[in-house]
Amino acid sequence: MGTVEQRAGVDLTNLDEQLTGDAAATKRDLVDYLDAVADRMLPVLAGRPLTVLRALRGRAPFMQKNVPKHTPEWVRTVAIWAEASKREIHYALCDDRRTLLWLANQRAIEYHPALGPAEDIYRPTHLILDLDPPTGDDFAAVVAVAHLVRQALADCGLSGAVKTSGSRGVHIFVPIDDSAAVDDVAAATRALAARAEALDPSLATTAFIVEDRAGKVFVDATRAGGATVAAAYSPRLRAGTPVSFPVAWSDLDRVQPSDFTVHTAVALLDGRDPWAEAMPTAQRLPLDLIGQGRTIPVARVAAMHEGKRRAKARRDGG
């Protein structure tokens, strides 16, 4: 088991083991990084039901919603009914450094909080667009489309903050007040994606079906309702253990997602909290945006119907 260290009353074990084969990081690197960014990361996790991605030795990585049976009683949890699985899920609430360190010791690498607080996860505090490139090395295209989204936001009087996803793309967060119901937030998200696509259809697409994207950047408007999204500052289970990192709009074309890892991010923060600094105050969603979005089908539902239509066409044609 190796030496046991303790921080904030949490026993930390096996700190010198690699997280994964290509992580280029040990469990100690993960713990040290999360501890260093705790005061910035906790505000975006606190009070929100948390899903984590864990990478245990000898097992395939897995997403964990339900806290394990051995969870200490001082870890705050919230029970939420899951309609899909018809059971109650006990989510962790990561409200303090001690809980964050305990999760790190559980080899929880990624942190995906709910878009809404524990008392009402269907009351999102942010509208979110997720931009995904057609290939892993085309971040310049993602940046170009991020600026289209920014323009679409500005055109209806809104503003947002942007961060690398920690994978291949970016997340754009638009803080919103509680005037719009969850379905209206989802509608506004679809409308913003459509408006960004309309600004330059040669660069951006809202096509949910991959083969329909024609090498364009996908403007994903499905992060709504009871969804989760990787938190700002969260590490990601990718080669080199990158982290989701806030970037100023003016710096987007000068960075690559791989610039920000558990090894480099703390020094790059330079004592600041760029996510908190960049985040506008909560904004009211314009009614015309919501109205437009109500006319746009929900992507997954539309894709399901389209998939059935194509399958029938293939059968009839064959």
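Residues numbered from 1 in each chain as written. Predicted model: local features only at pLDDT ≥ 70, side-chain atom pairs only at ≥ 80, totals over all residues. Heavy atoms only, no water.

On to the packing of helix α4 (residues 182-199) against helix α7 (residues 287-294). Two elements in contact, α4 and α7, have axes separated by 7 Å at closest approach and are oriented at 85°. Taken together, α4 and α7 sit at an angle that is classed as roughly perpendicular. Residue-level inspection shows D184, A187, A188, R190, A191, L192, A194 and R195 of α4 in contact with α7, the latter providing D288, L289, I290, Q292, G293 and R294. For the contact of α4 with α7, a count of residues per class yields 7 nonpolar, 2 polar and 5 charged. (Axes fitted to C-alpha atoms, helices over the stretch in contact; angles between N-to-C directions. Helix = DSSP H or I, 4+ residues; strand = E, 2+ residues; numbered from the N terminus. Parallel < 35°, antiparallel > 145°, perpendicular 65-115°, else oblique. Contact = heavy atoms within 4.5 Å. Nonpolar A, V, L, I, M, F, W, Y, C, P; charged D, E, K, R; others polar.)

Turning next to the pattern of salt bridges. Two side chains that carry opposite charge are able to pair once their charged atoms sit near each other. Tallied over the entire structure, the rule returns 20 salt bridges. A salt bridge links K86 to E83, with the shortest nitrogen-to-oxygen separation between them at 2.6 Å. Pair check on accessibility: K86 and E83 agree, each one exposed. Here R272 ties to E277 by a salt bridge, and the two come within 2.8 Å at their closest N and O atoms. Several salt bridges converge on common partners, so that one network encompasses R7, D32, D35 and R97. (Salt bridge = Lys/Arg side-chain N within 4 Å of Asp/Glu carboxyl O. Buried < 20%, exposed > 50% of the residue type's maximum accessible area, 1.4 Å probe, protein only.)

Take the packing of aromatic side chains next. Applying the stated criterion across every chain, the model contains 4 aromatic pairs. With centroids separated by 6.5 Å and ring planes inclined at 90°, the aromatic side chains of Y233 and F245 adopt a geometry described as edge-to-face. One end of the pair, Y233, is in the loop between β12 (217-220) and β13 (246-247); the other, F245, is in the loop between β12 and β13, and 12 residues separate them in sequence. Ring geometry for F245 versus F260: centroids 4.3 Å apart, planes at 5°, classification stacked. One end of the pair, F245, is in the loop between β12 and β13; the other, F260, is in the loop between β13 and α5 (265-269), and 15 residues separate them in sequence. A relative accessible area of 6% places F260 in the buried class. Put simply, the rings of Y233, F245 and F260 pair up and form one aromatic cluster. Above the ring of F218, the side-chain terminus of R213 is found at 3.7 Å from the ring centroid. (Phe/Tyr/Trp six-rings, centres within 6.5 Å; stacked < 30°, edge-to-face > 60°. Lys NZ or Arg CZ within 6 Å of the ring centre and 35° of its normal.)

On to helix α2 (residues 97-105). Counting buried positions along α2 gives 7 out of 9 residues, so the element sits mostly inside the fold. Those residues of α2 that sit buried are T99, L100, L101, W102, L103, A104 and N105. Looking at the residues trailing α2, positive phi occurs at R107, about 60°.

Another aspect to go through is the sheet that holds β12. One open sheet accounts for 6 strands, arranged β11-β12-β8-β10-β9-β13; its pairing is mixed. In this open sheet, the two edge strands, each paired with only one partner strand, are β11 (204-205) and β13. Here strand β8 (residues 126-132) runs beside strand β10 (residues 170-175); their pairing, made up of 6 bridges, is antiparallel. Of the residues in β10, the one forming a bridge with H126 is P175. Contacts from helix α3 (residues 139-155) reach β8, β9 (161-164), β10, β11 and β12, with the element oriented near 15° to β10. α4 rests against β8, β11 and β12 of the sheet, and its axis sits at about 40° to β8. (Pairing = 2+ DSSP bridges.)

Within the fold, L287 resides in helix α7. Sequence separation of L287 and D184 is 103 residues, and the distance between their C-alpha atoms is 9.1 Å.

The next thing to look at is unusual backbone geometry. With a phi close to 50°, A214 is a non-glycine residue in the positive phi region. Turning to its location among the elements, A214 is positioned in the loop between β11 and β12. Accessibility expressed as a relative area gives 62% for A214, which makes it exposed.

To continue, consider the packing of α3 against α4. Two measures define how a pair of helices packs: the angle their axes make with one another and the distance between the axes. Two numbers describe how α3 lies on α4: the axes approach to 8 Å, and their chain directions differ by 115°. In this structure, the crossing between α3 and α4 has a hand that is right-handed. Where α3 approaches α4, its residues L148, V149, Q151, A152 and L153 are matched on the opposing element by L192, R195, A196 and L199. Considering only residue class, the contact of α3 with α4 consists of 7 nonpolar, 1 polar and 1 charged. (Left-handed = near helix turned anticlockwise from the far one by under 90°.)

Note that all results are geometric; they support no functional claim without further evidence.
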